[in-house]
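# Results of the structural survey
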Amino acid sequence: MAAAHRLIDKNPKNFEAYNALALALSRRARETSDVVFYTQAEDALRKSFEISPDNFDGERTAVWLLLGKHEFPAALEKAKALSQKMPDDVMLYGFLTDANVELGNYDDAEKAAQWMLNLRPGNLPGMTRAAYLRELFGDVDGSIELMNMAYQSTPPSEAEDRAWILSQIGHLQLTSGQLSDAETTLQRALATFPGYHYALANLAKVRIEQKRYAEAVTLLQQRYDAAHHAENLYDLAEALELDGRTADAQKAFAEFETKSLAESVRKDNSDRELIFYYADHAHQPAKALAIAEQEFAWRHDAFTLDAYAWSLHVNGRDPEARKFIDTALAVGIRDARMLRHAGEIALATGDRAAGERYLHDSAMLNAPGSEQSKRLLASVAKH
């Protein structure tokens, strides 16, 4: 950011310097989880286009900003249009991958990621995107392998990039039941980039699995203090509840609901958290379904399908819920909570064999969500 400002001071008509500033501000937004930097980046791009209308680097950075603001449909259309102008630009295929993943267009996302690796074998953005797709498709070991390759290719000077990759590896280890490895990896991430919000969130999940709830609260409070996002407050409220701090949890949930509803009209929202809040905490199933329908109207990724299915389930519409949770799991994803949801929905439709199978698969992961599956399995076995 400082280097870009120096270039602008030297030559205020240098549109490339404004592009560089916008890119730096976008990176800062990811580092800090502070959306104010996206607004500043938009201002920088506006000046770039005033000097050089429709310049390619500026337009490409604009796609990244759209992704950062969760405007995935708009990002997808813009990336497609730019890709026709510049069909060998690696990062555009990265943006196509990102947008398609978030919208649930997994075949298109896979093709775009493969194009990245074909155009420039071993490129780092391509490896991290391929790793995420492998996770979604159920190949967690392959995902960890690719993330480790990406980490080895990232220079030590790129502290935030290295911390991000370590945070993702820690998340993968956690979701596959490698609790000790996840803790070690996430501590490395925080040593690399102190106070990093992604690492704090995942380490808090480790602490919850270890039943060290007070420590999880401390980590999530630190994360929320750094970035006052509604979804961060939701995670904190859940941890407070687990720690037995009922009054504090209720206060945090109430504040979360207010913040989440206020941003629900935007694409960059906390609708999925709001759905689960209404379904599992507030016990207001009609509100859960209303929010889920709003989100489902524009995106069909596995996590949105899961939330939609769960909202249908708590409203007693289990045959419909079964259809959507089955579609979510058909991607191949191995997520303990999603499998538990599938198990409960299958049981509610009278399919005991499928219900027990899903709950068993969830329990065997020994990951966040598995404990509830184990208790449900034990309960089903008694009847």
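Residues numbered from 1 in each chain as written. Predicted model: local features only at pLDDT ≥ 70, side-chain atom pairs only at ≥ 80, totals over all residues. Heavy atoms only, no water.

Helix and strand counts for the protein stand at 22 helices and zero strands. On C-alpha atoms alone, the protein measures out to a radius of gyration of 21 Å, which is about the 21 Å that the 2.2 N^0.38 rule sets for 383 residues. If you line up the protein on its principal axes, its C-alpha atoms span 75 × 40 × 40 Å. Nonlocal contacts in the protein, meaning residues at least 24 apart in sequence, comprise 52% of its contacts between residues at least 6 apart. For the protein, the computed accessible surface area is about 17400 Å², with 51% contributed by carbon and sulfur atoms. If the 43 positive side-chain charges of the protein are averaged to one point and the 57 negative ones to another, these points end up 1 Å apart. (Helix = DSSP H or I, 4+ residues; strand = E, 2+ residues; numbered from the N terminus. Rg over C-alpha atoms; globule rule 2.2 N^0.38 Å. Contact = heavy atoms within 4.5 Å. Areas by Shrake-Rupley, 256 points an atom, 1.4 Å probe, with all protein chains shown as cover. Lys, Arg positive; Asp, Glu negative; His and termini not counted. Charge placed at Lys NZ, Arg CZ, Asp CG, Glu CD.)

Let us now look at helix H3 (residues 36-51). Here H3 is 16 residues long and its end C-alpha atoms lie 24 Å apart, about the 22 Å a rise of 1.5 Å per residue gives. Residues of H3 that are buried in the fold lie against helix H2 (15-32) and helix H4 (56-68). (Expected span 1.5 Å × (residues − 1).)

With that settled, the discussion passes to the pattern of salt bridges. If you walk through the whole model with that rule in mind, you get 26 salt bridges. When the shortest N-O distance is used, the salt bridge between Glu102 and Arg299 registers 2.7 Å. A residue pair is termed long-range when its members are at least 10 positions apart, and Glu102 in helix H6 (residues 90-103) and Arg299 in the loop between helix H17 (285-296) and helix H18 (302-314) qualify at 197 residues. A residue is classified by how much of its surface remains accessible, and Glu102, at 26% relative accessible area, is partly exposed. Between Arg352 and Glu356 there is a salt bridge, with its nearest N and O atoms 3.1 Å apart. Of the two residues, Arg352 and Glu356 are both situated in helix H21 (residues 352-365); the distance of four residues between them amounts to about one turn of the helix. Overall, Arg352 belongs to the partly exposed group, its relative accessible area being 37%. Classification of Glu356 as partly exposed rests on a relative accessible area of 28%. (Salt bridge = Lys/Arg side-chain N within 4 Å of Asp/Glu carboxyl O. Buried < 20%, exposed > 50% of the residue type's maximum accessible area, 1.4 Å probe, protein only.)

Per the counting criterion, the structure on display carries 14 aromatic pairs. With 5.0 Å between their ring centres and 65 degrees between their planes, Phe193 and Tyr196 make a pair best called edge-to-face. The class for Tyr196 is buried, based on a relative accessible area of 0%. The lysine or arginine in question, Arg340, covers the ring of Trp310, its NZ or CZ lying 6.0 Å from the ring centre. (Phe/Tyr/Trp six-rings, centres within 6.5 Å; stacked < 30°, edge-to-face > 60°. Lys NZ or Arg CZ within 6 Å of the ring centre and 35° of its normal.)

Phi at Lys211 is positive, roughly 60 degrees, even though this residue is not glycine. Looking at the secondary structure, you find Lys211 in the loop between helix H12 (197-209) and helix H13 (213-226). Even without being glycine, His283 reaches a positive phi, approximately 55 degrees. Accessibility expressed as a relative area gives 57% for His283, which makes it exposed.

With that settled, consider the packing of helix H1 (residues 2-10) against H2. Running from amino to carboxyl end, H1 crosses H2 at an angle of 160 degrees, the nearest separation of the two axes being 8 Å. Considering the angle they form, H1 stands roughly antiparallel to H2. Judged by the twist between their axes, the crossing of H1 over H2 is left-handed. Packed against H1, whose contacting residues are Ala4, His5, Leu7 and Ile8, the element H2 presents Ala17, Tyr18, Ala20 and Leu21 at the interface. A class-by-class count of the residues in the contact of H1 with H2 yields seven nonpolar, one polar and no charged. (Axes fitted to C-alpha atoms, helices over the stretch in contact; angles between N-to-C directions. Parallel < 35°, antiparallel > 145°, perpendicular 65-115°, else oblique. Left-handed = near helix turned anticlockwise from the far one by under 90°. Nonpolar A, V, L, I, M, F, W, Y, C, P; charged D, E, K, R; others polar.)

Interaxial distance between helix H10 (residues 159-175) and helix H11 (residues 179-192) falls to 8 Å at its minimum, and their mutual angle equals 165 degrees. When the interaxial angle is binned, H10 and H11 end up roughly antiparallel. The element H10 and its partner H11 pack so that their crossing is left-handed. Of the residues in H11, those touching H10 at Ala159, Arg162, Ala163, Leu166, Ser167, Ile169, Gly170, Gln173 and Leu174 are Leu179, Asp181, Ala182, Thr185, Leu186, Arg188, Ala189 and Thr192.

Assignment of secondary structure puts Arg322 in helix H19 (residues 318-330). Linking Arg322 and Glu273, residues 49 residues apart in sequence, is a C-alpha distance of 21 Å. Residue contacts for Arg322: discarding those within four places in its chain leaves Ile345, Ala346, Thr349, Asp351 and Ala354. A polar side-chain atom of Arg322 sits 3.5 Å from a polar atom in the side chain of Thr349. (Polar contact = N/O pair within 3.5 Å; in protein donor to acceptor, adjacent residues only side chain to side chain.)

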